[in-house]
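One letter stands for each residue in the lines below.
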Amino acid sequence: MREFTYLRAASLADLPASATIIAGGTNLLDLMKHEVMAPDALVDITRLDLNRVESEDDGLRIGALVRNSDLAAHPVIRRDYPVLSRALLAGASGQLRNMATTGGNLMQRTRCPYFYDRRMACNKRDPGAGCAAIGGVTRNHAILGASDHCIATYPGDMAVALRALDAVVNIDGPAPRQVPLADFHLLPDDTPEIETVLRPGEIITGVTLPAPVGGQHRYRKVRDRASYAFALVSVAAVVGMEDGRISQAALAFGGVAAKPWRDPEVEAVLAGQEPSDALFAEAAEILLRPAKAWGENQFKIPLLRRSLIATLRDATGMEAKP
Amino acid sequence: MQITLHLNGATHDLDVDARTTLLDALRHHLGLTGTKKGCDHGQCGACTVLIDGRRVNSCLTLACMAEDAQITTIEGLGSPDRLSPLQQQFLDHDGFQCGYCTPGQICSATGMLEEIAAGWPSHASASLEGPFALSHAEIAERMSGNLCRCAAYTHIVAAIRQAAGADDRHEDAA
């Protein structure tokens, strides 16, 4: 690990603009050990008053320092936003969930092995260097929204549920602002080193959830082992039914792109329809129309199709296939 | 830099490089080698300690960030002549072979049982509202952050169930 200056912030006003923020540290310290990240200064924000979950209008405001474990167990999250509890509980380990924060989880970096290995070419780590993942081992890589410059995925689970819930990210800085989670993470295009809209001098202070929408909540995660592994693909679903028809469907997908993926056309084709295998196959077809495999991650295309169909069958009360 | 750690009921003043993890501070500065370094990247759980009663990976914690907290290591949970219930059950159930992961397993299990007592659900819970059985599936899921290269998992689960007072006649009753 490279040397750095350790600073501790006593208030938001106290934040030095040039320092890298640390809270849970679960990803940042790992990246610093690999020297993929080498900040000159770290500012510890864990003493800031950002660790509350509070009602706001009809929704909920989650402080940036609320730990993943506390958020997953929060009674209002469990009752009104269970897809978020389920996504959090599907991520990492008990120890890491006790450390990881809501803000930090949004800022976590990809787990692309070529990004972590400094001997490998990586446009994200070293802009212009090329991408060793393309043509390499791509089991964990993107099938949606990737570019010739970067095929890395955003690895988290929490943000996928937040995407389905239409969450908004609260940002403080020279000009405080709110950014829908939909717009917070960026696709790689030709600047994969720019992963979010957060600018230098800005900090995430929390996440706001709109009023609960009810419905059936599901988080289906497919991974290489039963626990403590990143998603190959995941599906966050909030599905409402009325008179035997789908009244609403919010669907977000993890492990398949550089951001939690969501496609309004998929949801539009489901709205107002009676659940059926033909309908779900049509939704999956629309979702996967822009999909592109990069070698061995070809398997993710049928895996995502089946995961979506299985999640919709479950959430709409259709019987499980034998 | 000068830091103060509150550890196992005592206070220690240390002079550390800012890069020092809590794990290295424990082992190299304080001579408390019960906490083990396995992967040093938060993947194996051998370094698990309790901070303010919550289990965390000490390898991914900077010592200087743990200054205000109460830290408990395996040495603080019990001693050879006064074992904690989990320590005793790991002995009784042969919950280890080489023993390297054991301090992390026991610290993690200590925190995990508190999480169940607090009513926290897990990925393995059928309902987010509980009740949460001490079934094999629940314990395996909740302990997935602790790897055992000897694969003593069956005995580890048995030790944890016994320490928690689970009824073995209803192993997987939910």
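Residues numbered from 1 in each chain as written. Chains lettered and ligands numbered in written order. Predicted model: local features only at pLDDT ≥ 70, side-chain atom pairs only at ≥ 80, totals over all residues. Heavy atoms only, no water.

- In the annotation of an unreviewed UniProt entry, chain B is listed under the name Nicotinate dehydrogenase small FeS subunit and assigned to Paracoccus haematequi.

- For chain A, an unreviewed UniProt entry supplies the name 4-hydroxybenzoyl-CoA reductase subunit beta and the organism Paracoccus haematequi.

## Some points on the overall build of chain A
Next, step 1: Helix and strand content of chain A: 12 helices and 11 strands.
Next, step 2: Taken over the C-alpha trace, chain A has a radius of gyration of 20 Å; the compact-globule value for 322 residues is 20 Å, and the two agree within 12%.
Next, step 3: Overall, chain A is about 60 × 50 × 35 Å in size when its C-alpha atoms are taken along their principal axes.
Next, step 4: Going through the 322 residues of chain A one by one, you find that 55% of them count as buried. (Helix = DSSP H or I, 4+ residues; strand = E, 2+ residues; numbered from the N terminus. Rg over C-alpha atoms; globule rule 2.2 N^0.38 Å. Buried < 20%, exposed > 50% of the residue type's maximum accessible area, 1.4 Å probe, protein only.)

## Side note on the overall build of chain B
Next, step 1: Scanning chain B from terminus to terminus reveals 6 helices and 5 strands.
Next, step 2: Shown N-terminal to C-terminal, the secondary structure of chain B runs as helices and strands in the order β-β-α-β-β-β-α-α-α-α-α.
Next, step 3: By the compact-globule yardstick of 16 Å for 174 residues, chain B fits well, its C-alpha radius of gyration being 16 Å.
Next, step 4: The C-alpha extent of chain B, read off along each of the three principal axes, is 55 × 35 × 30 Å.
Next, step 5: When contacts within chain B are restricted to residue pairs at least 6 apart in sequence, long-range pairs at least 24 apart make up 54% of them. (Contact = heavy atoms within 4.5 Å.)

## A look at the environment of Leu165(A)
All names here are of chain A.
Next, step 1: Counting through the fold element by element, Leu165 comes out in the loop between helix H8 (158-164) and strand E6 (168-172).
Next, step 2: Overall, Leu165 belongs to the buried group, its relative accessible area being 8%.
Next, step 3: Each C-alpha atom, one on Leu165 and one on Leu209, is 6.9 Å from the other, the two residues being 44 residues apart in sequence.

## Re the UniProt feature "domain: FAD-binding PCMH-type" (unreviewed entry) in chain A
Next, step 1: UniProt marks residues 1-214 of chain A with the feature "domain: FAD-binding PCMH-type" (unreviewed entry), using the numbering shown here.
Next, step 2: Counting secondary structure, residues 1-214 of chain A comes out at 25% helix and 17% strand; the distance between its end C-alpha atoms is 47 Å. (UniProt positions renumbered as here; feature names shortened; annotations may be inferred.)

## Let's talk about the pattern of salt bridges
Next, step 1: One pass over the full model with this rule turns up 30 salt bridges over all chains.
Next, step 2: Taking the shortest distance from any N to any O, the salt bridge between Asp117(A) and Arg119(A) comes out at 3.1 Å.
Next, step 3: Residue classification places Arg119(A) among the exposed residues on the basis of a relative accessible area of 73%.
Next, step 4: Arg139(A) is the salt-bridge partner of Asp224(A), the closest N and O atoms lying 2.6 Å from each other. Of this pair, Asp224(A) sits in the loop between strand E9 (216-222) and strand E10 (233-242) while Arg139(A) sits in the loop between helix H7 (113-116) and H8, placing them 85 residues apart in sequence.
Next, step 5: Given the relative accessible area of 52%, Asp224(A) is considered exposed.
Next, step 6: Take Arg139(A): its relative accessible area is 33%, and that puts it in the partly exposed class.
Next, step 7: Overlapping salt bridges bring together Arg8(A), Asp44(A), Arg47(A), Glu67(B) and Asp68(B) as one network. (Salt bridge = Lys/Arg side-chain N within 4 Å of Asp/Glu carboxyl O.)

## Regarding the side chain of Thr153(A)
Next, step 1: Looking at the secondary structure, you find Thr153(A) in the loop between H7 and H8.
Next, step 2: With residues up to four places along the chain from it excluded, the contact list for Thr153(A) reads Thr110(A), Arg111(A), Asn140(A), His141(A), Ala142(A), Gly255(A), Val256(A), Ala257(A), Ala258(A) and Lys300(A).

## Topic: the interface of chain A and chain B
Next, step 1: Listed as interface residues are 41 residues of chain A and, on the opposing side, 40 residues of chain B.
Next, step 2: Between chain A and chain B, roughly 3200 Å² of surface is buried when both sides are summed, and carbon and sulfur atoms account for 52% of that area.
Next, step 3: When the buried surface of chain A facing chain B is broken down by residue, Arg78(A), Arg86(A) and Gln95(A) rank first, second and third, together holding 21% of it.
Next, step 4: At the junction of chain A and chain B, the tally comes to 4 salt bridges.
Next, step 5: Between Arg47(A) and Asp68(B) there is a salt bridge; the shortest N-O distance is 2.9 Å.
Next, step 6: Summed over the shared surface of chain A and chain B, the number is 24 residue pairs in polar contact (both at pLDDT 80 or more). (Buried area = accessible area lost by both parts, 1.4 Å probe. Polar contact = N/O pair within 3.5 Å; in protein donor to acceptor, adjacent residues only side chain to side chain.)

## A few points about the domain arrangement of chain B
Residue and element names in this part refer to chain B.
Next, step 1: Segmenting chain B into domains produces domain 1 (2-77) and domain 2 (85-170).
Next, step 2: Here the C-alpha centre of domain 2 lies 22 Å away from the C-alpha centre of domain 1.
Next, step 3: Each partner contributes residues to the interface: domain 1 has 17 residues there, and domain 2 has 17 residues.
Next, step 4: Buried area between domain 1 and domain 2, summed over both chains or domains, comes out near 1400 Å², and the portion from carbon and sulfur atoms is 57%.
Next, step 5: Where domain 1 touches domain 2, the interface holds 1 salt bridge.
Next, step 6: Note that Glu115 is salt-bridged to Arg55, the shortest N-O span being 2.8 Å.
Next, step 7: Taken together, the links from domain 1 to domain 2 amount to 7 residue pairs in polar contact (both at pLDDT 80 or more).
Next, step 8: Counting only elements with at least two residues in the side of domain 1 that touches domain 2, the list comes to strand E3 (48-51), strand E4 (54-57) and helix H2 (74-77). (Domains from an automatic or database assignment.)

## Overview of the packing of aromatic side chains
Next, step 1: Throughout the structure, instances matching the rule amount to 1 aromatic pair over all chains.
Next, step 2: For the pair Phe115(A) and Tyr116(A), a centre-to-centre distance of 5.9 Å together with 80° between the ring planes defines the contact as edge-to-face. Neither Phe115(A) nor Tyr116(A) differs from the other in exposure class; each is buried.
Next, step 3: Geometry around Trp294(A) places Lys292(A) over its ring, the cationic atom sitting 4.1 Å from the centre.
Next, step 4: The ring centre of Phe132(B) lies 5.5 Å from the NZ or CZ of Arg142(B), which sits over that ring. (Phe/Tyr/Trp six-rings, centres within 6.5 Å; stacked < 30°, edge-to-face > 60°. Lys NZ or Arg CZ within 6 Å of the ring centre and 35° of its normal.)

## What to know about the nonpolar core
Next, step 1: Counting 48 residues, the largest nonpolar core has Ile77(A), Leu84(A), Leu106(A), Leu162(A), Phe184(A) and Leu209(A) as the members making the most contacts within it.
Next, step 2: For this core, the element with the highest residue contribution is H8(A), accounting for 6 residues.
Next, step 3: Taken together, domain 1 (5-44) and domain 2 (216-320) of chain A each give at least three residues to this core, which thus spans both.
Next, step 4: When sequence neighbours within four positions are dropped, the list of residues in contact with Leu162(A) reads Leu84(A), Leu106(A), Ala167(A), Leu181(A), Val207(A) and Leu209(A).
Next, step 5: In this structure, Leu42(A), Val49(B), Val56(B) and Ile71(B) belong to the second largest nonpolar core, which totals 34 residues. (Core = buried A, V, L, I, M, F, W, Y, C linked by side-chain atoms within 4.5 Å.)

## With respect to the environment of Cys150(A)
Residues and elements named next belong to chain A.
Next, step 1: Tracing the backbone through its elements, the reader meets Cys150 in the loop between H7 and H8.
Next, step 2: Judged by relative accessible area, which is 8%, Cys150 ranks as buried.
Next, step 3: Along the primary structure Cys150 and Leu187 are separated by 37 residues, whereas in three dimensions their C-alpha atoms are 9.2 Å apart.
Next, step 4: The contacts of Cys150, once residues within four sequence positions are left out, are Lys124, Cys131, Pro188 and Pro192.

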